[in-house]
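One letter stands for each residue in the lines below.
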Amino acid sequence: HLHAHGATMREGPRPNRALLAVLVPLLALTLVGLLLLWPNADRAASRVDLDFGSELVDGTVERVRRDDCAATAPGSGVQCQVAEVRLEEGPDEGDVFDLEIQESPTSVDLDDGDRIVLNRVTAEEVPEDLRYTFADYQRTTPLIVLAVLFVLAVVTLGRFQGIRSLVGLTVSLLVLLRFVLPSILDGNDAVAVALVGSALIMLAALYLAHGFNERTTIAVLGTFASLLLTGLLAVVFVGVTQITGLADEDARILTVAAQQIDVRGLLLGGIIIGALGVLDDVTVTQVSAVAEIHRADPRLTFRDLYGRALRIGRDHIASTVNTLVLAYAGASLPLLVLFVQAERGLGDVLTGETVAAELVRTLVGSIGLVASVPITTALAAFAASRGLSEGDVTAAA
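Procedures and definitions
- Residues numbered from 1 in each chain as written.
- Predicted model: local features only at pLDDT ≥ 70, side-chain atom pairs only at ≥ 80, totals over all residues.
- Heavy atoms only, no water.
- Helix = DSSP H or I, 4+ residues; strand = E, 2+ residues; numbered from the N terminus.
- Contact = heavy atoms within 4.5 Å.
- 1 Å grid on protein atoms, 1.4 Å probe; cavity = no way out; pocket = protein on both sides within 12 Å on 5 of 7 lines; lining within 4 Å.
- Points joined across faces, edges and corners; volume = space filled by probe spheres on them.
- Nonpolar A, V, L, I, M, F, W, Y, C, P; charged D, E, K, R; others polar.
- Salt bridge = Lys/Arg side-chain N within 4 Å of Asp/Glu carboxyl O.
- Buried < 20%, exposed > 50% of the residue type's maximum accessible area, 1.4 Å probe, protein only.

*Asks:* Summarise the environment of Leu 221; cite the residues concerned and give the values.
*Replies:* Along the chain, Leu 221 falls in helix α4 (residues 214–240). Sequence spacing of Leu 221 and Thr 283 is 62 residues, and the spatial spacing of their C-alpha atoms is 9.1 Å. Among all residues touching Leu 221, those that are not within four sequence positions of it are Leu 19, Val 22, Leu 23, Leu 26 and Leu 379.

Printed below as a string of structure tokens:
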């Protein structure tokens, strides 16, 4: 009868030499890119200080009443919410003032006890009773509660691996905040910064979550290859569709606030970083699928392993691509409703830059996602079948 002496795709601490021969240059290129593109304040181009003449301060609504708006004639019937707000910070901390908000379909509806954020106008010539206006609600406490629930859910289900994945998430955020964003502000090429940043995030997140082993190394290589393809497609199709990146209001502000930034490059970098979040999910799944199929039957050849795992990948891709499209449609629902209300033709809506930029982002990311399945599956099947040829399955009487 046959005895299988363990899975050939090792889960231990050492990936095989062939994989290391590819991984080491990738690590070296990432480190070189990190050194060359590391943000340096001395190298930054001239920047415009966005001084809007105001600052944000926190306040608490103590009581709300309805009354005639102060700026209208008595008895005019124009009603306002008048909220008594206690300031929690700023030069007027502890003071209580009346915040007047004219009622309309788009105005906020304040309640007693609401914690809000106010705009405080810093210009001296502004009268004291007009110095504060409503800016937003305070959301710190509910967001902290939600984050704690997220951490508890991940740790409860994932246990130690869940903790490692949270560490990887923290590293990802640090890379974005300490390297990617400052480096782009320094005027470095956004595509190069996005590729280096994505490589750092990918290496940290995958190895922290899944350990330094052969499975993870194959997932890293498959993710990086797919990421390069996504970046290439993004450069080509953003160019041929002549997307400027200026359809977004925030991008237009950036052209004034940080003139050294290439807005189109920023769009390309966003496509690359956005694709990474889905790619690592697919590549890890495919590597695990190949490993489990091979463990169930170590006699399978490369062709058999590849074919069986690819069928799993097709199911995964079918649902994931649909998720990407629906996620964009859900996030852009107000914009799409506005277009329908304006009775614009479907062709005009789809080819306008606002929607076309998101179409390019979604379709390019989806192509990279689809390509990641055969690429990663082939790498994993090759590694498993190569181990088989080295005698991992032996016959014994």
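Continuing now.
*Asks:* How would you explain the layout of surface pockets if you had to name every residue and give the values?
*Replies:* A water-sized probe rolled over the atoms picks out the places where empty space is left. Approximately 490 Å³ is the volume attributed to the largest pocket. Surrounding the largest pocket, 22 residues form its lining, Ser 165, Ser 172, Ala 205, Gly 277 and Asp 280 being those nearest its centre. Listing elements by their share of the lining of the largest pocket, those giving two or more residues are α2 (140–185), α3 (190–210) and α6 (263–296). Looking at which element gives the most residues to the lining of the largest pocket, the answer is α2, with nine residues. For the lining of the largest pocket, the residue count by class is 14 nonpolar, six polar and two charged.

*Asks:* Kindly report on the pattern of salt bridges, identifying the contributing residues and their values.
*Replies:* Inspection of every chain in the model, using the stated rule, returns eleven salt bridges. The salt bridge partner of Arg 65 is Glu 84, with a shortest N-O separation of 3.4 Å. Pair noted here: Arg 65 is in strand β2 (residues 54–68) and Glu 84 is in strand β3 (residues 79–87), with a separation of 19 residues, a long-range link. Given a relative accessible area of 26%, Arg 65 falls into the partly exposed group. Put simply, Arg 299 and Asp 297 hold a salt bridge, and the shortest N to O gap is 3.3 Å.

*Asks:* Lay out unusual backbone geometry with the relevant residues and their values.
*Replies:* A positive phi angle, close to 55°, is found at Arg 159, a residue other than glycine. Mapping Arg 159 onto the fold places it in helix α2. Using a relative accessible area of 63% as the deciding quantity, one classes Arg 159 as exposed.

Geometric values such as these leave the question of function open.
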